[in-house]
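# Report on the structure
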Amino acid sequence: MNTRLLVILLSVFSTAAALAQAPDDLSKVKPIPPPGKPLAAADRTELESGVAKLGDQLTALQQELKDKPDLLALLPDVQIYHNAVRYPLVYNEPIDPKAARQALADAGARIKQLRDGKPQWINQTGPRGYVSKIDGSVQPYVLVVPDNYNPADKATKYRFDFWCHGRGEDLMELKFIRSKELAPKDHFAVNLYGRYCNANKFAGEIDLLEALDDVKRRYPVDENRLVDIGFSMGGAAAWQFAVHYTDLFAAASPGAGFSESREFLHIPQSEVDAMAPWERALWHMYDCTDWAANLAMLPTIAYAGELDGQKQASDMMEKAMAGEGLKLERLIGPQTKHAYHKETRKQLDERLAAICAIGRNPAPDHVRFTTWTLRYNRMFWVSVEGLAKHWERARIEASITGPDAVDVKTTNVTALLVDIPATAGRFAPDSPVNVTIDGAKLQAKANAQKGLHALFERKPTGWTSAEPGTAHSELKKRPGLQGPIDDAFMEPFLIVKPTGKALNDKVGKWAAAEADHAILHWHKQFRGEARVKNDTDLTDADVRDYNLILFGDPSSNATLAKIADKLPIRWTGQSITVGEKTFDAAHHVPALIYPNPLNPQRYVVLNSGFTFRELDYLNNARQTPKLADYAVIDIDAPVTARAPGKIVLGGFFDEEWKVPQ
């Protein structure tokens, strides 16, 4: 990446010492994003008028282009400008009036091109947009188009690098979409917004997948030459993409950043011991050191400056990989602090080019995979479909051992799918394949259409074949429905507010405040606007399409009332019962995630938005889940920058979504 873009986007993380002393008092915690400076009255009037006009033009354009789907599909490339100017005006965020005027002008130019049927920008470097499935928002990315791109050449496919940016607390959309750099000569680059400043976690990581889908729809992407790369906070993002989405990429190059939480934040053992056990367990989600074995499957070149404190990230990964029998390739910028060293950067570019010249093998002979959760369940042709226990390490070693044989060894796995496509040419069509799992000899059949597509389950009597699609016929944790609470916000969701009378006034007021907090902070931290409805307006389509985030209690929220007797807790006006424990309902509230009884293909969440709060915004290594699958909150304790009250109970449901005994 050109140095100019890095200069715009990089900043140094807050120090761990400052975080350790940070107050719980919300009024004393630095707001992120920072508030904007007051605009001159004339500037505000002009920009608000421009935003309103652009909004009207976009509405009109939707109608004008309804019979021109190819042009209509480009509308998000204009909507990004509307959001970039509208958001800071509505939410009091940083805004540069000059840049805002230019954004409105750029939007007008693109509208004219659409009306003329000649969208010239699609073959030029610049910002793009896509509609996110998560909240329906339009999210930006900046596409860098190479000098040698020829739109008329439909046969040539191109390498695409996915860049993760550094921390920038004022990196609002308006600043991001104006970032520029010189185009690479022979490949595309996608500069990911990652939904602002979260190290591409949670919705920020789904941004990668959605941006990838968008460029695949528009441009000739070589899926075997995708590169995962980033620096500073973006280096942390690149690490987690490398270990979670390993099989997407041909190569990865994390620069600086962090790769785990405890050591990076210098958290003392006494504080670790005082943490809730579920919070410690949930470090496994983003502690890349715990997933180091997956880098056996991905060429990874770590970069750091010799004098950069964030060299610690690759130090930790080098140690973790050594523990797995792997060696991390590293490039160190001599006598360099928090930046790329020019000559070392050239070496890195040469190494990435050499790796991409070979490209990714989509069906390798051997697969090595480790996971802690079914949120990340796939490595090439093996998918974990069930775990014996979440948040304990699961491993798979799988090999194609002959023209009709596959051997698999597992740890902590109860169901797996072997899916070797016919295009890999590994097995004769309509032929039997011998599959050995942990010594059990089984058989499956390859066919000409799907190749080998076979499900296996571990029963009390041992491993057995199963019909694909049947692994999830019972209420069990499964990929995409495994928790914790934060997982619900990585898929389409809808916040449902109560309209009825609460069982207890104190609980009703708390739930209303937490719903408003969840809505506002979704925008602040994930740069969209949450879908919100009243319980009385919920439709069957909403139940079908969304994870439902229900605030209130069984008296105030009509949807919660419908499912209350089907949840693994009991909630009355007097008490809340979770397992064998009971709490006074006058000042306690449950928060939980569970398959929605009205549609078990989606989640229902009670009384929680994403679970990290204002204190955790100060450092990306703190942005890990703070609640597990369920919790009970004492709301007599104040809401703080760390928690919505005192967490008096919490934990994970078991693999059948039951409260552990």
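### Some remarks on the overall build of the protein
The helix and strand tally for the protein stands at 17 helices and 28 strands. On C-alpha atoms alone, the protein measures out to a radius of gyration of 25 Å, which is about the 26 Å that the 2.2 N^0.38 rule sets for 661 residues. Dimensions of the protein, computed from C-alpha atoms along their principal axes, come out at roughly 70 × 60 × 60 Å. Here the protein holds 661 residues, and the buried ones make up 59% of them. Pairs at least 24 apart in sequence give 72% of the contacts found in the protein among residues at least 6 apart. Summed over all atoms, the accessible surface of the protein reaches about 26,400 Å², with 51% contributed by carbon and sulfur.

### Details of helix 5 (residues 76-91)
The terminal C-alpha atoms of helix 5 lie 21 Å apart, and with 16 residues this matches the ideal 22 Å at 1.5 Å per residue to within 8%. Of all 16 residues in helix 5, 14 are buried; the element is thus mostly enclosed. Positioned one or two residues after helix 5, Asn 92 has a phi angle of 55 degrees, which is positive.

### Brief notes about the environment of Val 418
With respect to the secondary-structure elements, Val 418 resides in strand 14 (residues 413-420). In the structure, Val 418 is positioned 36 residues away from Val 382 in sequence and 4.9 Å away in space, judged by C-alpha atoms. Ignoring anything within four residues of it in the chain, the contact list for Val 418 reads Trp 381, Leu 452, His 453, Ala 454 and Phe 456.

### Focus on the pairing of strand 3 (residues 158-164)
Counting buried positions over the seven residues of strand 3 gives seven, a clear majority of the element. Side chains of strand 3 alternate between two faces, with Tyr 158, Phe 160, Phe 162 and Cys 164 and Arg 159, Asp 161 and Trp 163 buried alike. Alignment of strand 3 against strand 5 (residues 221-231), held across six bridges, turns out to be parallel. Bridge pairing links Phe 160 to Leu 226 in strand 5.

### Re the sheet that holds strand 26 (residues 599-606)
Two pairing modes exist for strands in a sheet, parallel and antiparallel, and in both the strands are linked by backbone hydrogen bonds. The seven strands are arranged 20-19-21-26-25-27-28 in an open sheet whose pairing can be described as mixed. Each edge of the sheet is formed by a strand with only one pairing partner; in this case those strands are strand 20 (532-534) and strand 28 (646-651). Averaged over all adjacent pairs, the angle separating strand axes in this sheet is 20 degrees, with direction ignored. Those strands touched by helix 15 (residues 505-526) are strand 19 (493-497), strand 20, strand 25 (588-596) and strand 27 (630-634), and its axis lies near 150 degrees from that of strand 19.

### Some thoughts on unusual backbone geometry
The peptide bond linking Ile 32 to Pro 33 adopts the cis configuration, its omega dihedral lying at 0 degrees. Tracing the sequence through the fold places Pro 33 in the loop between helix 2 (16-20) and helix 3 (41-64). In this model, Gly 483 is joined to Pro 484 through a cis peptide bond whose omega is 0 degrees. Of note, Pro 484 is situated in the loop between strand 18 (462-466) and strand 19. Although it is not a glycine, Phe 202 sits at a positive phi angle of roughly 55 degrees.

### A word on the nonpolar core
The tendency in soluble globular proteins is for nonpolar side chains to be buried as a group. Residues Leu 114, Leu 143, Phe 160, Phe 162, Val 215 and Trp 522 are the most contacted members of the largest nonpolar core, which totals 159 residues. Once you skip the residues sitting within four places of it in the chain, Phe 162 turns out to touch Val 190, Leu 192, Leu 208, Leu 212, Val 215, Leu 226, Val 227, Asp 228 and Ile 229. Counting residues in each nonpolar core, the second largest holds 31 residues, with Phe 380, Val 384, Ile 437 and Ala 446 among its members.

### With respect to helix 14 (residues 342-358)
Over its 17 residues, helix 14 extends 25 Å from the first C-alpha to the last, a length consistent with the 24 Å expected when each residue adds 1.5 Å. Within helix 14, the full set of buried residues consists of Thr 344, Arg 345, Leu 348, Leu 352, Ile 355 and Cys 356. Summarising the axial view, the buried residues of helix 14 lie within an arc of 110 degrees, below the 170-degree limit, and thus occupy one face. Set apart from the buried face of helix 14 by more than 90 degrees, the exposed residues are Lys 342, Glu 350, Ala 357 and Ile 358. Here the buried face of helix 14 lies against strand 3, strand 5, strand 6 (251-255), strand 7 (301-305) and strand 8 (329-333).

### Structural notes on the pattern of salt bridges
Considering all chains together, one arrives at 48 salt bridges under this definition. A salt bridge links Arg 368 to Glu 397; its shortest N-O distance comes to 3.4 Å. Residue Arg 368 is found in strand 9 (residues 366-371), and its partner Glu 397 is found in strand 12 (residues 394-402); the two are separated by 29 residues along the sequence. Given the relative accessible area of 31%, Glu 397 is considered partly exposed. Its salt-bridge partner being Arg 622, residue Asp 616 comes within 3.0 Å of it at the nearest N-O pair. The two residues Asp 616 and Arg 622 agree in class, both being buried.

### Regarding the packing of helix 5 against helix 6 (residues 97-116)
The geometry of helix 5 relative to helix 6 is characterised by a closest axis approach of 9 Å and an angle of 160 degrees between their N-to-C directions. It follows that helix 5 is roughly antiparallel to helix 6 by the angle criterion. Note on packing geometry: the crossing formed by helix 5 with helix 6 is left-handed. For the pair helix 5 and helix 6, contact is made by Asp 77, Val 78, Ile 80, Tyr 81 and Val 85 and by Ala 100, Ala 103, Leu 104, Asp 106, Ala 107, Arg 110, Ile 111 and Leu 114, respectively. Of the residues in the contact of helix 5 with helix 6, the class split is 10 nonpolar, no polar and three charged.

Parameters at a glance
Residues numbered from 1 in each chain as written. Predicted model: local features only at pLDDT ≥ 70, side-chain atom pairs only at ≥ 80, totals over all residues. Heavy atoms only, no water. Helix = DSSP H or I, 4+ residues; strand = E, 2+ residues; numbered from the N terminus. Rg over C-alpha atoms; globule rule 2.2 N^0.38 Å. Buried < 20%, exposed > 50% of the residue type's maximum accessible area, 1.4 Å probe, protein only. Contact = heavy atoms within 4.5 Å. Areas by Shrake-Rupley, 256 points an atom, 1.4 Å probe, with all protein chains shown as cover. Expected span 1.5 Å × (residues − 1). Pairing = 2+ DSSP bridges. Axes fitted to C-alpha atoms, helices over the stretch in contact; angles between N-to-C directions. Core = buried A, V, L, I, M, F, W, Y, C linked by side-chain atoms within 4.5 Å. Arc of directions from axis to C-beta. Salt bridge = Lys/Arg side-chain N within 4 Å of Asp/Glu carboxyl O. Parallel < 35°, antiparallel > 145°, perpendicular 65-115°, else oblique. Left-handed = near helix turned anticlockwise from the far one by under 90°. Nonpolar A, V, L, I, M, F, W, Y, C, P; charged D, E, K, R; others polar.

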